[in-house]
Structures are given as structure tokens and as C-alpha cells.
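Below, each chain spelled out in residue letters.
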Protein chains: 2
Amino acid sequence: MAEVTDEYDVVVLGAGAVGENVADRASRTGLSVAVVEPALVGGECSYWACMPSKALLRPGDVLAAARAVPGAAAAVTGRIDPAAVLVRRDEVAAHWDDTGQVAWLEGAGLTLLRGRARFTAPRALVVEGVDGTVRTVTARRAVVVATGSVPVVPGTFADVRPWTSREATSTHRVPPRLAVVGGGVVATELATAFADLGSEVTVLVRGGRLLAAAEPFAGEAVARALTDRGVRVLLGTSVTSAVRDGDEVRLVVERRSTAGRHGDETERLTVDEVLVATGRRPATDDLGLETLGLRPGDALEVDDRLQVTGVDGGWLFAAGDVTGRTATTHQGKYDARVVGDVIAARFDPRPAAEGQPGRGGRGLSRQAEAQAAPWSRYRATADVAAVPQVVFTRPQVAWVGRTHDQAQRDGLEVEVLAYELGGLGGASVTAEGYEGRVQLVVDVARDVVLGATFVGPDVADMLHAATVAVVGEVPLSRLWHAVPSYPTLSEVWLRLLEAAGR
Amino acid sequence: MAEVTDEYDVVVLGAGAVGENVADRASRTGLSVAVVEPALVGGECSYWACMPSKALLRPGDVLAAARAVPGAAAAVTGRIDPAAVLVRRDEVAAHWDDTGQVAWLEGAGLTLLRGRARFTAPRALVVEGVDGTVRTVTARRAVVVATGSVPVVPGTFADVRPWTSREATSTHRVPPRLAVVGGGVVATELATAFADLGSEVTVLVRGGRLLAAAEPFAGEAVARALTDRGVRVLLGTSVTSAVRDGDEVRLVVERRSTAGRHGDETERLTVDEVLVATGRRPATDDLGLETLGLRPGDALEVDDRLQVTGVDGGWLFAAGDVTGRTATTHQGKYDARVVGDVIAARFDPRPAAEGQPGRGGRGLSRQAEAQAAPWSRYRATADVAAVPQVVFTRPQVAWVGRTHDQAQRDGLEVEVLAYELGGLGGASVTAEGYEGRVQLVVDVARDVVLGATFVGPDVADMLHAATVAVVGEVPLSRLWHAVPSYPTLSEVWLRLLEAAGR
């Protein structure tokens, strides 16, 4: 077994979207950067999450849209072709081949170490290569942990080889009967997708609603739509037993009585696959965090510079799911840009007078990073109150910033503005019987939007207007001048402002 | 013939979307308002423009979207059903029945005078009712002209009974062969719609491109797409003769030689209908403007309060197409809100101390209106540099604010950022071979977005994010924190910021 010792300015653990972005930006002032990844470069999102799930969901979206338009509906005579959907999904997931991503990474001047890294001391790691090599790797300046997260699989399911999001998004077989355990983004999206593909789907939710992180009306709309398409959505349940029997899985489901006084109801459910989508936890088990005084398995707590708060010396950073601070690819990439810029500036190796136009030389960028205010390029301010989330269910659900509940918990005086999208001219030409709803949470004192929630077909790309309003802190009095075009669905902004009496 | 004399605080000429909004808002401080309208309440947009044209276009959009998604495409075996499309269009146009609009207007406490108004003196009008009555109507405070615009039909077509947008959007017959004269919004939308419905369409454009008001790449994309669908798009043409012969119209089309040296080419074209969409002019012919010292037929020039600049006394306002300042329903409604608020405040009839919470009493609102700054509710500031336009062609085209050319003509130092939408992860799951492009024009000195153009399938509702950014004057450094969700098409914002090196 060969042993090699390497030194880099920066070592990034994890070559998902987050790690790639950290590495790219950290290297911009000339720092040498290595990225350590035992699996596919490109990460969960490209191969087992966002991308393949969207490929599974899109066919149902476009057929539903066509069926809702008189004059087009009659042209849709067939159904979704699951085999063709899976072929397309394979393409979208690049056939789980990371050649293209590796080429990008190397083209960007970054070093890829294919292996698993463990800390042995501050800024020192051992990397066990997938090729059997063992390297001692030292980071002269900084280490960034971007190893992401792994699904949580409750013990009940330990022996039934359940699906997680990975198996579900990469399956080549559509199970005739699928149980989905969970009610969050993964659960609702994949319940929708497999119902489209022809599975008989049962969603088993512990809590009282779907999409518990969103405004209540969002999860209610998704539950209603799933039910209308023949999906059983069982709220207030827990799976007390799961047994695999050949190709089948037998579940015992306890359900709190809806009558509220007869105790629990027990239901036996036999399915072909169980998708466990009950949450994820930071992938920090095997990183040797104990050598740094941190506890393996815990999230790496960070400040707004993405610097790990539990370790001294200003050399350890974390970004993405591993921080427990964000849970989406896009927000992880945002954090990645911030931490990449912080590192590029703080450890800028160029002579003090040198620099890029508009960015300052080493002295200037170091100073700028050290003194940065919120909303600067060196602070992940949006993580606090402007995180967007899009759920590609049907209807779609999209929100940004604070929900009504969150704003109240933060002690803010808020006004809630809501409008049913179906009342818009634009909705009536989009689909017969278009249903949707948009809600804004407004900070009364500052006259700005704190949060926005969109529910309806094809609302995903309506969200960004709200995100710009929240992040830009654009007062409602100014938003009044942002005229939505008629007859788009964006006209809802006008209705919401009218509802505010402005 | 009965003669009646009426007095109102405010008289609004025209009960389209603009007139309705003016009247509604002007009446809010208690002013009495009459609206004069000879035709349908609700206006051009509801019955003969935005709404029916969208009803004609939507079926083609949804079928194209479904055909572009593997796994869904095979389910689309049929074609558009023109009869069903026209039935739906009839519903969307409320069967050209304004009962609902009239009920709204009367419910809002406004007086509807069904007739034609002409000025006889400042603030004095004669209204010839559709029922034969003649009323003398006096406006104690203000008159607002919101009579809209009418199509321009060049003399060449005087004897062939051409279609204008009215006949095209309300037709119950799909012509086998249709010539569309013009290259703007109406021409490109209706060429798309009738090609969908099965017409053999020829578009005859005087200039060198479609959608001349937009960035050049927009019209090029639409021309390419129309051509791909079998529409003939002939640029650099003029129709020198048009003769109706029974059910047919024979056109002689002169076309500037593309070789550039052989002079014009002449083509004879026989069609079943000719749609003339060469522009519109203000509907000011028969308003008696000459009694006010203005020229009938001219646009009514207004300032940012929508006050007509050519008439003294602060009593004459105009809003919408009639001003020549805006040409869309949404921007006309924006102007309507401003002028309505100006009138409500300036002529507030309530006792000086009285008022609504947060709006101040008469004294306060009068003062606020008089001293209003740009971007206040009393100034139509967005008309100057933040007007949005959406064209529902396929691909759709949407823009707001300044084009690159306009910004340069305004003497601004700009940076142009562009990105091909097809390169996004979100595009690859939206449609196979998704093509589109987004371009931002950025003010280098102020680091803000001056204009944005979106071209691609379903980009209509992506525009509003840009409109909020332009109107909110949100710096690019802040937009960096407005994270687009992955994998939406809005991710283009991230790519554009990366292109800017930010």
C-alpha cells in the first residue's frame, strides 16, 4: 500500500454541488485546492435527488396541464409511458457517470482525491483512496467539510431493505404497491411521481399534515390533490412493524383515531416497496471529528462566515447539509460561494498590492472579509431569513423566508395578505378550474415582505420575484410600481397589494 | 329626445380596465364619479385582446410542452381541436356580455352612462346615450380620458374588409389561408394562434425583424420558431395592393431583395383573410378636443401625474393607450391607479381633519399629492423605465425596462449579461432540447438592473423577478443573496451573476 504526503492550501471534503462551488471560488486568488470524494463527483442532487426526481415528475405535470385546457385536452389520449420516463431519468442523471463533472473540476485547476478523509489533527487528514492508496493530506490554510447528509432510517425498517430517496430516484422498476413513510419534500414529491408512474401509493405521515415546514394551506392542497389522484394519505400514523416476506413488505400501521376517543386504529398494509423519507442527518460519522473535540454524527455548527464555531484557529469551515443550517442544493451552493469567497480573501496568497479589478488586492480583500457587514459577499445572511424552497408536487409549492408562524415566533408584527390564484384572468386561460393560492407575510413596521408562499400548478418560477423582494427589502409602497404583466399569474402581486389597501 | 343635465365630481371617459380603475380609486375619498362608455364595460382587453388571444394560444403551449417531455410525448396523439378552442375563447371573453362588469361598477358606487362623450367646454361634456338621450354632463373637479386606442388600417386595405385584432380574436371561423400584416405583439401572437388552429399563415413585416421594440434576439427566436412550424415570415415587405374577390383577398407584396442589388421582388398572395396589425392610434377623434385647444386624433400628452400638459387648470387627465405613453392593459391600469389616487387626494371632499388610518385626512393627502416624489403613489414613475411586456408567442418573450439600445441612447454605461437557458439543469427536466435566453442590462455606475429580456417556453412568469429588481433598484451585490431554487429555470439569475463575476 503506497503512502503519499500532500499539502494543499485548502482541502474540501465532498465533491457534491457544495464542495465543487467552495473549491472553485476558494481557488480564485491562487490558493491550491484539493477535493476529497469517495463517490460520484456532482453529489446527491445530480444523481439521486433534485435532478432525477424532477425527471420523474415532469411528464405528469405537462400532461395534467394539457388535460386542463379545452381544445388541447382531447389530444391527450394516452398515459404516461413509465419505461420512457425511466430512460429519460437515466439521461438526466448522466447514467450515474461523473466523467463530465470530473473534467470540469480538473479543468478548473482543482485536485480530485478519490477517497475517504478523516481528521488526524487540526488541518491534517488521512485519505484512504478508492484505489487503495493512503495519503496524509495537510491543509496549510483551511479545511471545508461539505459531506452532505444521509437519510435517517428508523430501526423499524432495518431489516426490510427499504428504499431511501436514492433507491427511489434511481429505480428501474415501478413497484405496483408503494408505501411512503414521511410527509416532507422527498415524501410528497416521490408519492406524486410514483402515482404518476402507476404505483398504488400510500403515504404514512406521523404528523398532522404534509409539508410541515410550510404554511398549513400548502400541505393541505398537496394532500387533497394526491387523494384526488387515488393516493391514500394517512396522517397521524406510525409504523410499528415492518417485515419483508420475499418480494413483499408487510407493515403494521397504528393510526390515531380521528374520532379522538377510541384509541389507535391498527391497519395491516402489504406493499412491494417502502420508501423511508423521514429525514436526513449530517454525514459526519466517519470524519475523525473526535480528534478536533467535536462529536461524530453531529451537525457542524457554523457562523455566518460558515466557520465552524466549535474549533479555534479560523481554519475549519462547513457548508451545505452538514451544517444542519440548510437542506437544499441551492442554499448549500449559496453557502459554498460565501465560504469560498471568505477563504479566497482571508488567505489571499497574492502580493499585497496585486488583485483583480474591482476586488482589491490581498490587503483590501482581507480587510473586506474581516469587516464584512450582513448582505456582503462574505456573509451568508440569506440563510437567516430568506431561504427559498420549491416542492415539485402537483400543485407545486414554493416558499421563501418566514411563514406566518415563524414571523410571530420572532416577535414581529405582521400582516398576512392572501389571494386565490383562480380569481385571476391569467388563471382562467392557464387551465380550466385553475386552483392556487399565494400568501405574503408582511412586516408592518418596515413595510417589507418577510415571507411568501405559492401553491398551484407551475408556480415554481413565480417564487423568485418574492425572493428578490424579501432579500432586496423592497417596501410594499415601491412594489406597487412593479407592474405585473396582464394576463400572467404574476398579476397576483397586484391583487395582494390591493388587499393591503395600498 | 330627452335632455338631462348631470353633475359629478369626476367624469371618466371609457370603461375599459383603465377607466374602471381610475373611477374606482378616484371615488375612494367620497368623490362622485360617472363613467361614460358607448360599448362594452370591461374594454378591449377582456373581449378582443389579451384574454381571448391567450385562450387561443394556450392549447398550443400545453401540447408543445407535453410533446417535448419523453414519457409524456407519446400520450399526445391528437391535435388541437379548433372548435373546442373557440368555445373556450367565447367563455373567456364572457360571450361579449358585460353584465358582470356593469354589476361590479355599480356595486362600487359608480355611475355608468352608456353613450359617447364630447367636450363642449372645459369640464363640460355632452353625452349622447345609446338609448337616444342627450345629457349635459359637468365635472366639478376632473375629467379623465381613458378611451384607449383603435387599430391603424393603412389605405391599401380600405376596401378588403381586413381583420383587425378584434375580428381575429372573436372569429368563429378559422381561415384556411391567413396573411398577417405587421410584426409586433398582435401580429406575432395571432400568427402563432392561427397556425396552431390550422391556418396557413404568412406574416408580412415591413421592417427587418419581428418584435422591433424588444432585444433583437427575441424577434429572431420567434421568427425561427414560426418558420419551423410552417409559417412564412417575410421581412422587409410592403403590401402594395389588396383586392377582395368574393371570399378571397389578393395581395401584391413587394419585398426588398435579400441579395440587395436586384431591386424588389414582387409576390402575389391569395388568402382568405388579412389581419392588419400595423399599430394603433389614440382614440381621440370624436371627443371634441378642439374645444379645449387640443387636436383631435392626437395622443393626450401627460406628465407623471397623468395630467394633460396642454390644458390649464389641473382638471384634465388621461390614462392608458390614449396618452401614447403606454400600450398595455397592465401599464394602463398602473397609470389608472396613479391618476385615481391623485384625484382622490387633490379633490378630497372630506373635512380637513378626517381621513383613513395611515392615509391622512384631506389636508394631509392634498399635501402628499402636491409634494409627491418619484415612486410615490402619486407618480407613474415606472412608465419611464420599468414597463413590462409579455408576448405569448412560442417561445414566449418577456421584457422590462430598457433594452441595450435604449440604455445606450440614454447615455448610460452598461454591462450586458446573457445566458442560454438550455444550459440549466432545470431546462433539461422541463423539456428535451429546451431553448431560451435571458439577458440583463446592468447600470455599471449604480450596480442595478436597467432591463431584462426573457425568451423561451413558459418564461412569462419569470419576468416579475426582474421587474421587482428594476423597480426596487436592488444592487447586483444584494441580488447575489436572492437564491434561486434548484432546479427551477430561475437559476438563470445565478448564472447571470456569475457571468458578471460577482
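Values in this document were obtained by computation on a predicted structure and should not be read as measured data.

Asker: Could you clarify how one ought to interpret the overall build of chain A in this entry?
Answerer: Secondary structure summary: chain A contains 16 helices and 23 strands in total. Scaling as 2.2 N^0.38, a compact globule of 502 residues should have a C-alpha radius of gyration of about 23 Å, and chain A matches this with 24 Å. With the C-alpha coordinates of chain A rotated into their principal frame, the extents come out at 65 × 65 × 50 Å. Taken over 502 residues, chain A has a buried fraction of 59%. Carbon and sulfur atoms make up 48% of the accessible area of chain A, which amounts to about 18800 Å² in all.

Asker: Can you walk me through the sheet that holds strand S22 (residues 437-443) of chain A in this structure?
Answerer: To summarise the sheet geometry, strands pair through backbone hydrogen bonds and adopt either a parallel or an antiparallel arrangement. Residue and element names in this part refer to chain A. In space, the 5 strands of this open sheet follow the order S19-S20-S23-S22-S21, with antiparallel pairing throughout. Each end of this open sheet is capped by a strand with a single partner; those strands are strand S19 (388-391) and strand S21 (414-420). Put simply, the sheet's adjacent strands are angled 10 degrees from each other on average, direction ignored. Pairing of S22 with strand S23 (residues 448-456), which is carried by 7 bridges, proceeds in the antiparallel orientation. For Leu-440, the partnering residue across the bridge sits in S23 and is Ala-452. Against the sheet, helix H8 (residues 216-228) makes contact with strand S20 (396-401), S22 and S23, and its axis sits at roughly 5 degrees relative to S23, the strand it touches most. Seen against the sheet, helix H16 (residues 492-499) touches S21, S22 and S23 and runs at an angle of roughly 135 degrees to S21.

Asker: Would you explain the packing of aromatic side chains in this entry?
Answerer: Any pair of aromatic rings gets described here by the distance separating the centres and the angle formed by the planes. If you walk through the whole model with that rule in mind, you get 6 aromatic pairs over all chains. With a centroid separation of 5.4 Å and 50 degrees between ring planes, the pair formed by A:Trp163 and A:Phe194 is classed as tilted. Highlighted residues: A:Trp163 in the loop between strand S7 (149-151) and helix H6 (165-170) and A:Phe194 in helix H7 (residues 185-197), separated in sequence by 31 residues. Each member of the pair, A:Trp163 as well as A:Phe194, carries the same accessibility label: buried. A cation over a ring is seen here: A:Arg437 above A:Phe217, with NZ or CZ 4.9 Å from the ring centre. Geometry around A:Trp480 places B:Arg337 over its ring, the cationic atom sitting 4.7 Å from the centre.

Asker: Please explain the domain arrangement of chain A as it appears in this structure.
Answerer: Accessible area lost during the coming together of the parts is what is often quoted as the interface size. Residues and elements named next belong to chain A. Entries for chain A in the domain assignment read domain 1 (3-42 + 98-150 + 281-382), domain 2 (47-92), domain 3 (175-274) and domain 4 (395-499). Look at where the C-alpha atoms of domain 3 and domain 4 centre, and you get two points 30 Å apart. Between domain 3 and domain 4, the contact holds 9 residues from the first and 10 residues from the second. Here domain 3 and domain 4 share an interface that buries about 860 Å² over both sides, 73% of which is from carbon and sulfur atoms. Three residues, Ala-213, Glu-215 and Phe-217, lead the burial of domain 3 against domain 4; their summed loss comes to 57% of the area buried on that side. For the interface between domain 3 and domain 4, the tally reads 0 salt bridges. At the boundary of domain 3 with domain 4, the tally comes to 2 residue pairs in polar contact (both at pLDDT 80 or more). The class makeup of the residues in the side of domain 3 that touches domain 4 is 8 nonpolar, no polar and 1 charged.

Asker: Looking at this model, I keep getting lost on the pairing of strand S11 (residues 237-245) of chain B. Mind explaining?
Answerer: In summary, the side chains of a regular strand alternate between the two faces of the sheet. Summarising the sheet, S11(B) and strand S12 (residues 248-256) of chain B pair through 8 bridges and their orientation is antiparallel. Note on S12(B): the bridge partner recorded for B:Asp245 is B:Glu248.

Asker: Is there a simple way to think about the interface of chain B and chain A in this case?
Answerer: Every contact between the two is made by 85 residues of chain B and, on the other side, 86 residues of chain A. Of the roughly 6800 Å² buried between chain B and chain A, counting both surfaces, carbon and sulfur atoms make up 61%. Across the contact surface, chain B and chain A share 6 salt bridges. Put simply, A:Arg88 and B:Glu432 hold a salt bridge, and the shortest N to O gap is 3.6 Å. Applying the counting criterion to the chain B and chain A interface returns 29 residue pairs in polar contact (both at pLDDT 80 or more). With 10 residues, the single largest contributor to the side of chain B that touches chain A is helix H3 (residues 50-67) of chain B. Of the residues that constitute the side of chain B that touches chain A, the class distribution is 44 nonpolar, 22 polar and 19 charged.

Asker: What is the right way to look at the relation of the copies chain B and chain A in this model?
Answerer: The pair of chain copies shares a relation made of a rotation about an axis and a shift along it. For the pair chain B and chain A, the relating rotation is 180 degrees, the translation along its axis is 0.0 Å, and the fit reaches an RMSD of 0.0 Å. Such a combination of turn and shift is consistent with a two-fold rotation axis. Taking C-alpha positions as reference, the residue of chain B nearest the rotation axis is B:Ala465, located at 1.8 Å. With an isologous cut-off of 70% or more, the 100% of interface residues of chain B that recur at the interface of chain A puts this contact in the isologous class.

Asker: Looking at this structure, how should I read the state of the cysteines?
Answerer: In a disulfide, the sulfur atoms of two cysteines are held together by a covalent bond. Residue and element names in this part refer to chain A. Across all of its chains, the model carries 2 disulfides over all chains by this definition. There is a disulfide in this structure between Cys-45 and Cys-50, and the S-S distance comes to 2.4 Å. What sets the handedness of the Cys-45 and Cys-50 disulfide is the S-S torsion sign, and at about -130 degrees it is left-handed. Just as Cys-45 is buried, Cys-50 falls in that class too.

Asker: Quick question: what am I supposed to make of the sheet that holds strand S23 (residues 448-456) of chain B here?
Answerer: Residues and elements named next belong to chain B. Taken together, 5 strands build an open sheet; the order of strands is S19-S20-S23-S22-S21 and the sheet is antiparallel. Both edges of this open sheet fall to strand S19 (388-391) and strand S21 (414-420), since each of them pairs with a single strand only. Between one strand axis and the next, the sheet turns by 10 degrees as a mean value, whatever way the strands run. Pairing analysis gives 6 bridges linking strand S20 (residues 396-401) to S23, with the strands arranged antiparallel. Within the sheet, the bridge partner assigned to Val-397 lies in S23 and is Val-455. Sitting on the sheet, helix H16 (residues 492-499) is in contact with S21, strand S22 (437-443) and S23, with an inclination near 135 degrees to S21.

Asker: In this structure, what is going on with the pattern of salt bridges? I would like to understand it.
Answerer: Pairs can form between side chains of opposite charge once their charged atoms are near each other. Residues and elements named next belong to chain B. In total, this model carries 78 salt bridges over all chains according to the counting rule given. One salt bridge connects Asp-24 with Arg-28, and the closest N-O pair in it is separated by 3.4 Å. In this structure, the salt-bridge partner of Asp-98 is Arg-114, at a minimum N-O distance of 3.0 Å. With Asp-98 in the loop between helix H4 (82-92) and helix H5 (99-107) and Arg-114 in the loop between strand S3 (111-113) and strand S4 (115-121), the pair connects residues that are 16 residues apart, well separated along the chain.

Asker: Could you clarify how one ought to interpret empty space enclosed by the protein in this entry?
Answerer: A water-sized probe rolled over the atoms picks out the places where empty space is left. One pass over the full model with this rule turns up 7 cavities of 30 Å³ or more. Its boundaries defined by the atoms lining it, the largest cavity holds a volume of some 690 Å³. Lining the largest cavity are 39 residues; nearest its centre among them are A:Arg58, A:Asp458, A:Asp461, B:Arg58 and B:Asp458. Listed by contribution, the elements that provide at least two residues to the lining of the largest cavity are helix H3 (50-67) and helix H13 (425-430) of chain A together with H3 and helix H13 (425-430) of chain B. Approximately 60 Å³ is the volume found for the second largest cavity. Looking at the second largest cavity, the residues that line it are A:Ala68, A:Val69, A:Pro70, A:Ser428, A:Val429, A:Thr430, A:Ala431, A:Glu432, B:Ala55, B:Arg58, B:Pro59 and B:Arg88. Where the lining of the second largest cavity is concerned, the elements lending two or more residues are H13 of chain A together with H3 of chain B.

Asker: Please explain the environment of B:Leu31 as it appears in this structure.
Answerer: Residues and elements named next belong to chain B. Note that Leu-31 resides in the loop between helix H1 (17-26) and strand S2 (33-36). In this structure Leu-31 comes out as buried when scored by relative accessible area, which is 4%. Sequence separation between Leu-31 and Arg-350 is 319 residues; the distance between their C-alpha atoms is 9.1 Å.

Asker: Whenever I open this one, the pairing of S20(B) confuses me. Can you help?
Answerer: Residue and element names in this part refer to chain B. Among the 6 residues of S20, 6 are classified as buried, and the element is accordingly described as predominantly covered. Two elements, S19 and S20, share 4 bridges in a ladder whose sense is antiparallel. Residue pairing in the sheet places Val-390 in a bridge with Ala-398 of S20. A loop of 4 residues connects S19 with S20, the two strands running antiparallel in sequence.

About the criteria used
- Residues numbered from 1 in each chain as written.
- Chains lettered and ligands numbered in written order.
- Predicted model: local features only at pLDDT ≥ 70, side-chain atom pairs only at ≥ 80, totals over all residues.
- Heavy atoms only, no water.
- Helix = DSSP H or I, 4+ residues; strand = E, 2+ residues; numbered from the N terminus.
- Rg over C-alpha atoms; globule rule 2.2 N^0.38 Å.
- Buried < 20%, exposed > 50% of the residue type's maximum accessible area, 1.4 Å probe, protein only.
- Areas by Shrake-Rupley, 256 points an atom, 1.4 Å probe, with all protein chains shown as cover.
- Pairing = 2+ DSSP bridges.
- Axes fitted to C-alpha atoms, helices over the stretch in contact; angles between N-to-C directions.
- Contact = heavy atoms within 4.5 Å.
- Phe/Tyr/Trp six-rings, centres within 6.5 Å; stacked < 30°, edge-to-face > 60°.
- Lys NZ or Arg CZ within 6 Å of the ring centre and 35° of its normal.
- Domains from an automatic or database assignment.
- Buried area = accessible area lost by both parts, 1.4 Å probe.
- Salt bridge = Lys/Arg side-chain N within 4 Å of Asp/Glu carboxyl O.
- Polar contact = N/O pair within 3.5 Å; in protein donor to acceptor, adjacent residues only side chain to side chain.
- Nonpolar A, V, L, I, M, F, W, Y, C, P; charged D, E, K, R; others polar.
- Least-squares fit on C-alpha atoms with pLDDT ≥ 70 in both.
- Disulfide = S-S within 2.5 Å.
- 1 Å grid on protein atoms, 1.4 Å probe; cavity = no way out; pocket = protein on both sides within 12 Å on 5 of 7 lines; lining within 4 Å.
- Points joined across faces, edges and corners; volume = space filled by probe spheres on them.

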